[in-house]
Amino acid sequence: MGTIVVAPLGKIAELAIRHRCREMLSLVAPKQNFHRPAVIDVGRHLIVGVNDIAFAGTGNLVAPGEEHVAAIVNFARGWDRQSPLLVHCMMGVSRSPAAALISALAVEPDQDEHDLAQRLRKASVQSTPNARLIEIGDYVLGRGGRLVAAVKAIGRGADYVGDSPFLFSASPVHQ
């Protein structure tokens, strides 16, 4: 099935241990320093150096680009799903939820984008996936605008009230 743990930077060590994560995807500002939890396999840790912005041309900030999303997709496709994948950014609200959606579609491409976005919203009321990552992810994964539409349909998340990590299934839940 595959569980994705979405977290803010300050909770990665605790959550990696609690959920027995062995793989981690980090979306952090370029050159941001942080300590990789020892339980994360160094060979299965991808650092994507992008700022949390939705458009290019903002001075020294690095906007998410196609190469960043392609790296996320390739990394997710290498995830064996035997243990949860830890995905984090600074606050766990924008970049990491977007990367969680992209990762879920990379490993389970036959799922419906609207159901996927609804699962995200149910798991986290304050997630507001980064629009640029979603747009590029839609393109890279060949979703024909459906991922963008699904994320727009769930709307902006609730105002940030503090660190709220969450678990998210990469696969649709069949009853």
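See the structure above.
Parameters and conventions
Residues numbered from 1 in each chain as written. Predicted model: local features only at pLDDT ≥ 70, side-chain atom pairs only at ≥ 80, totals over all residues. Heavy atoms only, no water. Salt bridge = Lys/Arg side-chain N within 4 Å of Asp/Glu carboxyl O. Buried < 20%, exposed > 50% of the residue type's maximum accessible area, 1.4 Å probe, protein only. Axes fitted to C-alpha atoms, helices over the stretch in contact; angles between N-to-C directions. Helix = DSSP H or I, 4+ residues; strand = E, 2+ residues; numbered from the N terminus. Parallel < 35°, antiparallel > 145°, perpendicular 65-115°, else oblique. Contact = heavy atoms within 4.5 Å. Nonpolar A, V, L, I, M, F, W, Y, C, P; charged D, E, K, R; others polar. Phe/Tyr/Trp six-rings, centres within 6.5 Å; stacked < 30°, edge-to-face > 60°. Lys NZ or Arg CZ within 6 Å of the ring centre and 35° of its normal. Polar contact = N/O pair within 3.5 Å; in protein donor to acceptor, adjacent residues only side chain to side chain. Pairing = 2+ DSSP bridges.

Comments concerning the pattern of salt bridges
Reasoning step 1: Inspection of the entire model under this criterion finds 7 salt bridges.
Reasoning step 2: Residue Glu-14 pairs with Lys-11 through a salt bridge whose shortest N-O separation is 3.9 Å.
Reasoning step 3: With a relative accessible area of 37%, Glu-14 lands in the partly exposed category.
Reasoning step 4: Beyond isolated ion pairs, a larger network of salt bridges with shared partners links Lys-11, Glu-14 and Arg-18.

Description of the packing of helix H5 (residues 131-140) against helix H6 (residues 146-154)
Reasoning step 1: Packing of H5 against H6 brings their axes to within 7 Å, and their N-to-C directions diverge by 150°. Judged by the inter-axis angle, H5 sits roughly antiparallel to H6. Counted together, Ile-134, Glu-135, Gly-137 and Asp-138 of H5 and Arg-146, Leu-147, Val-148 and Val-151 of H6 form the full contact between these two elements.
Reasoning step 2: Looking at side-chain class alone, the contact of H5 with H6 contains 4 nonpolar, 1 polar and 3 charged residues.

What to know about the packing of aromatic side chains
Reasoning step 1: In this structure the tally under the stated criterion is 0 aromatic pairs.
Reasoning step 2: Between Arg-44 and the ring centre of Phe-75, over which it is positioned, the NZ or CZ distance is 4.0 Å.
Reasoning step 3: Seen from the ring of Phe-168, Arg-119 lies directly overhead, with NZ or CZ sitting 5.7 Å from the centre.

Concerning H5
Reasoning step 1: Among the residues of H5, Leu-133, Ile-134, Ile-136, Gly-137 and Asp-138 are the ones counted as buried.
Reasoning step 2: Looking at the buried positions of H5, the neighbouring elements they touch are strand E2 (23-28), helix H2 (66-77), helix H3 (95-107) and H6.
Reasoning step 3: Backbone nitrogen of Arg-132 and a side-chain oxygen of the N-cap are separated by 3.0 Å at the start of H5; the cap is Asn-130.
Reasoning step 4: The first or second residue beyond H5 is Gly-142, which carries a positive phi of 65°.

Quick look at the pairing of strand E1 (residues 3-8)
Reasoning step 1: Buried residues dominate E1, accounting for 5 of its 6 residues.
Reasoning step 2: Two elements, E1 and strand E5 (residues 166-169), share 4 bridges in a ladder whose sense is antiparallel. Across the sheet, the residue bridging to Val-5 is Leu-167, located in E5.
Reasoning step 3: Pairing of E1 with strand E4 (residues 85-89), which is carried by 5 bridges, proceeds in the parallel orientation. Across the sheet, residue Val-5 finds its bridge partner in E4, namely Leu-86.

Observations regarding the side chain of Ser-26
Reasoning step 1: Take Ser-26: it is sitting in strand E2.
Reasoning step 2: Side-chain polar atoms of Ser-26 contact the side chain of His-45, separated by 2.7 Å.
Reasoning step 3: Within polar-contact distance, the side chain of Ser-26 engages the side chain of His-88 at 2.7 Å.
Reasoning step 4: Those residues in contact with Ser-26 that lie beyond four places of it in its chain are Phe-34, His-45, Leu-46, Ile-47, Val-48 and His-88.

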